[in-house]
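# Close look at the chain arrangement
The chain contents come next:
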Amino acid sequence: MDMNAYLSMFIDESNDHLQSLNENLLKLESAPDDISIVQIIFRSAHTLKGMSATMGFEDLASLTHEMENVLDLVRNHKLAMDNFIFDTLFKGLDALESMVQDITGGGTGKADVTAIVASLKAIVKGDYKKEAASESSAAGTASPEDGNKLDQFQSSILLQSIEAGMSVFHIVVTVREDCVLKAARAYMVFDFLERSGEIVKSSPSAQDIEQEKFDRTFTVFTIASISGDELRKGIESVSEIESAAITQLDKESLIQLGAASAPGAPTASASIAQETVAAAKAQTAAAAASPAAPAATTAAPAAGGNASRTIRVDIERLDSLMNLFSELLIDRVRLEQLASEIRRNDLTETVEHMSRVSSDLQNIVLKLRMVPVESVFNRFPRMVRDLAKSLDKKVELVIAGADTELDRTVIDEIGDPLVHLLRNSLDHGIESIADRVAAGKSETGTVHLRAFHSGNHVFIEVEEDGRGINAERVKQTAIKNGVLDAEAANRLTDNEINMLIFAAGFSTADKISDISGRGVGLDVVRSKIESLGGHVSVESTPGKGTKFSIQLPLTLSIISAMLVKLGAEKYAIPLSSIVETAIVPREQIRKIHGNRMIDYRGSVIPLISLAQVLDCRSFPEEDELETEIVVIRKGNKLGAVTVDEFLGQSEIVLKTLGKYLTNIEAISGATILGDGQVALIVDPNALIK
Amino acid sequence: MGEEMKVIVFGLANEEYGIEVEKVRTIERMMPITRVPKTFAFVKGVVNLRGVVIPVIDLRGRFGLPESEATESSRIIIVAVNELEVGFIVDSANDVIDIDSDTIDTPPEVVGGVKAKYLRGVAKVGDSRLLIMLNLSEVLNKSEIIQLEQQEA
């Protein structure tokens, strides 16, 4: 399997899990007895472990595994949380974070975590408590020296460099007391040092320095290609730097530093176990620092490859961008109107250019919110496999069009309905192996999951080659469950009968299974899809298979619409449901059973008076000799909506009517027109009964 | 002494009413209102308030007072309560005053034709001025209207 395709997803999700781990650990710290938080943490850790193991990041997985062991004990009340456990867990988290960061930067995510693992193991064994007391004193004396400590790896690099004849410096940089942007100054120093050599270690870590987590001084070990004087000059030329104390290191001084670091703070009485714990502190800092420090960039960015560079943006910011843009759109329409009234060439040209730019901008703004359905589809192969196993069926899932893009808000909502449909297909659609063989089909059933664009819509289809819907049984069940009476049922076409399976409280499964058949599901699917402004339909051929088709709007924020006038009022009708517009003379309107109908391309369709539906009194419809109609479609039903006047087609921005006005009949929202007035958007689905 | 509070004063059918200033987003002159069909009669429609569509209700209609034509001094007061943003059409709005919350008395059953449950109380300002404080969440409560309509139907 090519892991690169999943890498960016892994990184995003790991970051999410790390974030939640951090948050929940913090929560737990303030309420250490709340086991439910531990459960959440445990789950996050567990997922993280699974993901990293799958992706082949062994160190990440093994560290998470140890953390999980500790959490498991806590979860089962075998261990009570205390500060030491919290500290260790947080340290573990920090290490995990820096590993993930390393992976993000193209690294391998390898880090030395033995120290943390050792302390985690000590916690599990329960023999950390007696050490904790003495350890704290040891750590106390050790900390001031932190800045000068080098781990074995770092000192061996420095040693080798000295042996190779390069100059190694120990630099203590002090920023001025009144320095405002400490982090920025420090960054400039780092930048200079990197250009003139290689930074091996910094204290505090580069990360902490970036976040201004240092007082006034920081310490750097660097291998430089220039002399000490030049270094000093370079550093002190950065403004607001007070001084730079530069010491050139030779072998001996280095060995001294190395020796100081090795056994933590050598309080001779310390047991071996204690050393591990104490060393843990020093090494965590080092582990956290090394991937982040600029030196790490020299490490070969090997296996990870380049994940596509993304930033995650709060969806609210995108929404406010969208809102701002929609105001621009309104002004654009207004400008276009003005320009056509004023008729000055240079103005018209400018406005036209602005229109082009803003339509490009519109595309980009809309695209920003688009996500490939892949992110939803990805989890299905595994799900189908497991389901097929538990049902003892053979099923192949064929996915097509996974790169089809949909609005983020739709993506977030579409997962559950699709799970329902797939489960339904596997459970009810595909027959058991024996039945398939008896029906002369291949043993393996096929489920197609397709996504594609068509016009302003995205279609998602779930099609299987199973037994098809038994229309007769659906009818009987519907009558039995009181969905409709026998008389009405007999009048239905096969397709209409098939649609009955979306009715509430409907299930034809003979026995209730774990997977589906509790009579909830398809009606939930339908209401979910409809709440997203889409609709779902089903086609089925007995013995051949069933196809569920979901139609979704591409975006939920800007739509094309036809603007119409009713007397003094203006309304917008979404273009997506308009079939065509026409003008019919009065004598062509026929009355059938008291309903007004017209002939439309060989069939008779009902005439719907928009003015009547909307209580609009300023449009005296009866006086019209010719009626403008808009033919709209709902599913396969057509209807002709009468209006006063066509105003033209326009891109409109959907706005809600606010929380005070909800469920207004036949109105789905509002938009703001070029003249600043509000026009209501007609919901065509409510017009055709 | 109770708390000092700032109150927007507006006129409606010869009475003076008050709304706490922090609940008022803005006060606008009358502007074109787009009618919304099939809703309560006192909902006059929606307006475009700098890119946001906001419903506007006639406060006279809401309180069952006789509605009147808009005049030069008519104003739309946009209030924000419990995530609801709604505009009130009032006869006039021209004052902001400080009142002491201790001076607010519980309202009598009906004040100026408005039922007590829509009111927070009556505040005495100066010697002779009475200010009727509105209970906004009750004024904007829709479930009660729906019940009423169902009973009538």
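Residues numbered from 1 in each chain as written. Chains lettered and ligands numbered in written order. Predicted model: local features only at pLDDT ≥ 70, side-chain atom pairs only at ≥ 80, totals over all residues.

Within an unreviewed UniProt entry, the label attached to chain B reads Chemotaxis protein CheW, and the organism entered is Paenibacillus glycinis.

Under an unreviewed UniProt entry, chain A has the name Chemotaxis protein CheA and belongs to Paenibacillus glycinis.

## Here's the deal with the overall build of chain B
On a plain count of helices and strands, chain B comes out with three helices and 13 strands. Burial statistics for chain B: of 153 residues in total, 33% are counted as buried. Considering only residue pairs separated by 6 or more positions, chain B has 51% of its internal contacts joining residues 24 or more positions apart. (Helix = DSSP H or I, 4+ residues; strand = E, 2+ residues; numbered from the N terminus. Buried ≥ 20, exposed ≤ 12 C-beta atoms within 10 Å, placed from the backbone. Contact = placed C-beta atoms within 7 Å.)

## Describing the overall build of chain A
A count of helices and strands for chain A gives 24 helices and 22 strands. Sequence-distant contacts in chain A: of pairs separated by 6 or more residues, those separated by 24 or more amount to 71%.

## Things to note about the sheet that holds strand S11 (residues 545-553) of chain A
All names here are of chain A. Taken together, the five strands give an open sheet; going across it, the order is S6-S8-S9-S11-S10, and neighbouring strands pair in mixed fashion. The open sheet has two edge strands, strand S6 (394-400) and strand S10 (535-541), and neither has a second partner. Taken pair by pair, the neighbouring strands of this sheet meet at an average axis angle of 15°, ignoring direction. Relative to strand S9 (residues 457-464), helix H17 (residues 408-429) is tilted by about 20°, and along the sheet it contacts S6, strand S8 (444-454), S9 and S11. In the packing of helix H22 (residues 522-531) onto the sheet, the strands contacted are S10 and S11, and the crossing angle to S10 comes to about 135°. (Pairing = 2+ DSSP bridges. Axes fitted to C-alpha atoms, helices over the stretch in contact; angles between N-to-C directions.)

## Some thoughts on the confidence of the model for chain A
As a general rule, the predicted coordinates of low-pLDDT regions are not to be interpreted in detail. Residues and elements named next belong to chain A. When pLDDT is averaged across chain A, the result is 76; 83% of the residues are at 70 or more. Predicted confidence is poor over residues 131-147, with pLDDT under 50, and the contacts of this stretch with residues over four places away or in other chains come to 25 contacts. Ignoring residues within four places in sequence, the model shows residues 510-520, a span with pLDDT below 50, making 21 contacts including any to other chains. (pLDDT = per-residue confidence, 0-100.)

## Some words on the interface of chain A and chain B
Each side of the interface is counted separately: chain A has 21 residues, and chain B has 20 residues. The set of elements that each furnish at least two residues to the side of chain A that touches chain B consists of helix H13 (315-342), strand S21 (667-672) and strand S22 (678-682) of chain A. Partitioned by chemical class, the residues of the side of chain A that touches chain B number 11 nonpolar, four polar and six charged. (Nonpolar A, V, L, I, M, F, W, Y, C, P; charged D, E, K, R; others polar.)

## Description of the packing of helix H2 (residues 35-55) of chain A against helix H3 (residues 58-75) of chain A
Residues and elements named next belong to chain A. It is at 9 Å that the axes of H2 and H3 come closest, and there the two elements cross at 160°. When the interaxial angle is binned, H2 and H3 end up roughly antiparallel. Remark: the crossing between H2 and H3 carries left-handed chirality. In contact with Ile35, Val38, Gln39, Ile41, Phe42, Ala45, His46, Leu48, Lys49, Ser52 and Ala53 of H2, H3 contributes Leu60, Ala61, Thr64, His65, Met67, Glu68, Leu71, Asp72, Val74 and Arg75. Taken together, the residues of the contact of H2 with H3 break down into 12 nonpolar, five polar and four charged. (Parallel < 35°, antiparallel > 145°, perpendicular 65-115°, else oblique. Left-handed = near helix turned anticlockwise from the far one by under 90°.)

## Remarks on the packing of H3(A) against helix H4 (residues 83-104) of chain A
Between two packed helices, what matters for the description is the angle formed by their axes and the separation of those axes. All names here are of chain A. Packing of H3 against H4 leaves a shortest axis separation of 10 Å and a crossing angle of 160°. Classified by the interaxial angle, the pair formed by H3 and H4 is roughly antiparallel. For the pair H3 and H4, the crossing hand works out as left-handed. Counted together, Asp59, Leu60, Leu63, Thr64, Met67 and Val70 of H3 and Ile85, Leu89, Gly92, Ala95, Leu96 and Met99 of H4 form the full contact between these two elements.

## Side note on the nonpolar core
In this structure, Ala572(A), Val641(A), Val46(B), Ile77(B) and Phe88(B) are the most contacted members of the largest nonpolar core, which totals 76 residues. A total of six residues in this core trace back to one element, the largest contributor, which is strand S12 (residues 558-566) of chain A. Apart from residues lying up to four places away in sequence, Ile77(B) is in contact with Ile8(B), Phe10(B), Ile19(B), Val24(B), Ile27(B), Gly87(B), Phe88(B), Val90(B) and Ala93(B). Within the second largest apolar cluster, 36 residues are counted, among which are Ile414(A), Ile501(A), Phe502(A) and Ile529(A). (Core = buried A, V, L, I, M, F, W, Y, C linked by C-beta atoms within 7 Å.)

## Section: the sheet that holds strand S2 (residues 197-203) of chain A
Hydrogen bonds along the backbone pair up the strands of a sheet, which may run parallel or antiparallel. Residue and element names in this part refer to chain A. Ordered in space as S2-S3-S1-S4, the four strands form an open sheet in which the pairing is antiparallel. Each edge of the open sheet is held by one strand with a lone partner, namely S2 and strand S4 (241-249). The average undirected angle you get between the axes of adjacent strands in this sheet is 25°. Note: S2 against strand S3 (residues 217-224), six bridges, orientation antiparallel. Within the sheet, the bridge partner assigned to Ser203 lies in S3 and is Thr219. Contacts from helix H8 (residues 182-195) reach strand S1 (167-175), S2, S3 and S4 within the one sheet, and its direction differs from that of S2 by about 145°.

## Quick word on the environment of Asp16(A)
Residues and elements named next belong to chain A. Within the secondary structure, Asp16 is located in helix H1 (residues 4-30). Classification of Asp16 as partly exposed rests on a count of 14 C-beta atoms within 10 Å. In sequence terms Asp16 and Ser44 are 28 residues apart; their C-alpha atoms lie 9.2 Å from each other.

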